[in-house]
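# Observations on chain architecture
Below, each chain spelled out in residue letters.
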Amino acid sequence: MTDKARKAENTIVVKQELINNIEKMIENVNSSIEDDIRVKIETKHWYGYSEPFISKVKNRLYINKETLISILESAIDKEKKYIDKCIDIIIEERKNNQ
């Protein structure tokens, strides 16, 4: 097996774990009592020149349950397309090695 195929297989495993986590998130959103879901986004940024430091920026937004589910499902679709590309790479590598 080539390095390219091995990397593609590892990527498939990582992407599938991500899909599983997103599916669990969808289950949690579906089981929520309220229609509005609070989403917390936390990002880190470098600031300063002479003495750089990392600062966290926290944002909260409230999203309708159906909208959030739609966003999460589209994320799953993107990951599945990426997995399909990795599978194509593996198939191509196997054809080339025969």
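Description of the structure in this document. No experiment lies behind these values; they were computed from the predicted model shown. (Residues numbered from 1 in each chain as written. Predicted model: local features only at pLDDT ≥ 70, side-chain atom pairs only at ≥ 80, totals over all residues. Heavy atoms only, no water.)

Moving on, we come to the packing of aromatic side chains. The final tally for this structure, using the stated rule, is 1 aromatic pair. Look at Y47 and F53: their rings are 6.0 Å apart centre to centre, the planes differ by 35 degrees, and that puts the pair in the tilted class. Positioned above the aromatic ring of Y82 is the side chain of K15, whose terminal nitrogen or guanidinium carbon lies 4.6 Å from the ring centre. (Phe/Tyr/Trp six-rings, centres within 6.5 Å; stacked < 30°, edge-to-face > 60°. Lys NZ or Arg CZ within 6 Å of the ring centre and 35° of its normal.)

Tracing the backbone through its elements, the reader meets E79 in helix α2 (residues 65-97). Here K15 takes part through its side chain, which lies 3.0 Å from a polar atom of the side chain of E79. Here E79 is in contact with K15, L18 and I19, once residues within four sequence places are set aside. (Helix = DSSP H or I, 4+ residues; strand = E, 2+ residues; numbered from the N terminus. Polar contact = N/O pair within 3.5 Å; in protein donor to acceptor, adjacent residues only side chain to side chain. Contact = heavy atoms within 4.5 Å.)

These values are about where atoms sit, not about what they do.
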